[in-house]
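# Structural features, examined
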Amino acid sequence: MQINLERLQQNLHDLNEIGYNPEDRGFYRIGFSDADMQGRQWLMERARSLELDTYMDGAGNVFFGTGARDQPMILMGSHIDTVPAGGYFDGSLGAMAALEVIETMREHYPQLDTPIWGVATAEEEGRFGGMLGAQAMSGKLTPDWLQEAHDADGVYLKDAMAAQGLDVMKALEAAIPPERLKAFVELHIEQGPVLFQKDLQIGVVEGISGVFKWIVHLKGKADHAGTAPMDMRSDAFMGLADFAHEIERIIAENGTDKSRITVGKVELKPGHPHTVPGEAIFTIVGRDMDNDIMTDLANACRRALSAIARKHRLMFEYEQVSWLAPKPCSSRLVDLIEQQTQHRGYSYLRMPSGAGHDTQFMSEVTDAGLIFIPSINGVSHAPDEWSHWRDVEAGANILLDTVQAISKA
Ligand SMILES: [Zn+2]
């Protein structure tokens, strides 16, 4: 059984007519914007024209599918909202592939026993924090949060939803009881360079990496850059530079090939060319697939910074801003997806996802699996985001095979 690539291409094309900006070639379907809602209306009309059942839940998630409502369903999907100037496939691929898999299965099995549904999730990209639709389905939303959530411009979620005819509190009713779900499977582009660089077709995602974020202060003494001798300084930047050189060792000694440590934001004070930096404030973001390894990495960062602070006569303080534990995918589904990939003879890699996805919330209520296809040059969240059609076809076929395997299990 094969998915119909032309039909999938057509649906992606038709959806991406909505919110397209020819000037920068980006897509603008920001969560709960007019274009986002037009995309959702388009999808419901397309589903109706295919004689599928379809509805929008209280969070703005659009469901489309077929099969008995009293049986646990297999749910596929991803988001159709985009970042500003987003790419062609981020999210849309998973939602349109779900539609294609349902169509393919209906052609082959006119009487489907297992209910098979797709979902186009709402506000995944983070205008109001992100993954709103998946959080709603997995029962994670609270009334307080819904009332208070707002975007960077100060627009409240409740007002943005009201402008689209939606009542924010109805998002609480979108929770799906776990017994109604058999599994959730998402197809998504990798949004990173690994599969493309290794020339592999499929990423079998083992889980979403855990991530911790620190804000570190190294405090020394701001001195005149001319009068303070090199050996009498407490130069906070020297401490930061030493730490940067320690990252490779910290990972080699404490981490895995899935570990990442990044210093992404740096501020030097007073920030003057003729003054020795008296203070360095910087972020450390650490990632791994294993919570214990994340702890080891964090401890190693702390030990290294303490030693560096002593060496340069600095004070060292840090604040842990967040610690999100890794979210493993269902091992049953990881194995199942790997088997389908081997059957098809596609090259693949078992890998973590360094980016967050709807799957991480769905994994809390059901067996959840995530399939990646390569992003050319790893580009995403930009108009240049692209994937080869042969990889799109391969990914959609693996989604199809996985759903079939689940329905038979
Ligand atoms: Zn996405």
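Residues numbered from 1 in each chain as written. Predicted model: local features only at pLDDT ≥ 70, side-chain atom pairs only at ≥ 80, totals over all residues. Heavy atoms only, no water.

The protein chain appears in an unreviewed UniProt entry as Zn-dependent hydrolase from Pseudidiomarina aestuarii.

Our next topic: the overall build of the protein chain. Assigned secondary structure in the protein chain consists of twelve helices and 16 strands. A compact globule built from 409 residues should have a C-alpha radius of gyration of about 22 Å, and the protein chain, at 24 Å, falls within 12% of that. Each principal axis of the C-alpha distribution contributes one length, and for the protein chain these read about 85 × 50 × 40 Å. Out of the 409 residues belonging to the protein chain, those deemed buried represent 53%. Summed over all atoms, the accessible surface of the protein chain reaches about 17,600 Å², with 49% contributed by carbon and sulfur. Taking the average location of the 36 positive side-chain charges in the protein chain and that of its 59 negative ones, the two points are 5 Å from each other. (Helix = DSSP H or I, 4+ residues; strand = E, 2+ residues; numbered from the N terminus. Rg over C-alpha atoms; globule rule 2.2 N^0.38 Å. Buried < 20%, exposed > 50% of the residue type's maximum accessible area, 1.4 Å probe, protein only. Areas by Shrake-Rupley, 256 points an atom, 1.4 Å probe, with all protein chains shown as cover. Lys, Arg positive; Asp, Glu negative; His and termini not counted. Charge placed at Lys NZ, Arg CZ, Asp CG, Glu CD.)

We now examine the coordination of the zinc ion. Coordination of the zinc ion by the protein involves H79 (NE2), D90 (OD) and H188 (NE2), with metal-donor separations of 2.0 to 2.2 Å. Sequence positions of the residues that donate to the zinc ion give the spacing H-x10-D-x97-H. Taken as a pair, D90 in the loop between β5 (73-79) and α3 (92-108) and H188 in strand β7 (residues 181-189) lie far apart in primary sequence, 98 residues in all. On the basis of relative accessible area, D90 is assigned to the buried category, the value being 4%. Taking the relative accessible area as the measure of exposure, H188 reaches 1% and is therefore buried. (Donors = N, O, S within 2.8 Å, 3.2 Å for Na, K, Ca; no water.)

Between the first and last C-alpha of helix α2 (residues 34-49) there are 22 Å, a value that for 16 residues agrees with the 22 Å anticipated at 1.5 Å per step. Elements in contact with the buried residues of α2: α1 (5-15), β3 (53-56), β4 (62-66), α3 and β6 (116-121). (Expected span 1.5 Å × (residues − 1). Contact = heavy atoms within 4.5 Å.)

Applying the stated rule across the entire model yields 20 salt bridges. Between R40 and D36 there is a salt bridge, with its nearest N and O atoms 3.0 Å apart. Taken as a pair, R40 and D36 lie in helix α2 at a separation of four residues, close to a single helical turn. Between K311 and D242 there is a salt bridge, and its shortest N-O distance comes to 2.9 Å. Of the two residues, K311 is situated in helix α9 (residues 291-311) and D242 in helix α8 (residues 236-254); the sequence distance between them amounts to 69 residues. (Salt bridge = Lys/Arg side-chain N within 4 Å of Asp/Glu carboxyl O.)

Of the positions making up α1, those classed as buried are L5, L8, N11, L12, D14 and L15. Residues of α1 that are buried sit in contact with α2, α3 and α12 (389-408). A side-chain oxygen of the first residue of α1 lies 3.1 Å from the backbone nitrogen of E6; this N-cap is N4. (Polar contact = N/O pair within 3.5 Å; in protein donor to acceptor, adjacent residues only side chain to side chain.)

Taken as a whole, the protein chain is organised into domain 1 (5-208 + 326-408) and domain 2 (210-324). Computed from C-alpha coordinates alone, the two centres of domain 1 and domain 2 are separated by 38 Å. On the domain 2 side, the residues contacting the seven residues of domain 1 number nine residues. Roughly 580 Å² is buried in total at the junction of domain 1 and domain 2, and carbon and sulfur atoms are behind 68% of that figure. Here domain 1 and domain 2 share one salt bridge between them. (Domains from an automatic or database assignment. Buried area = accessible area lost by both parts, 1.4 Å probe.)

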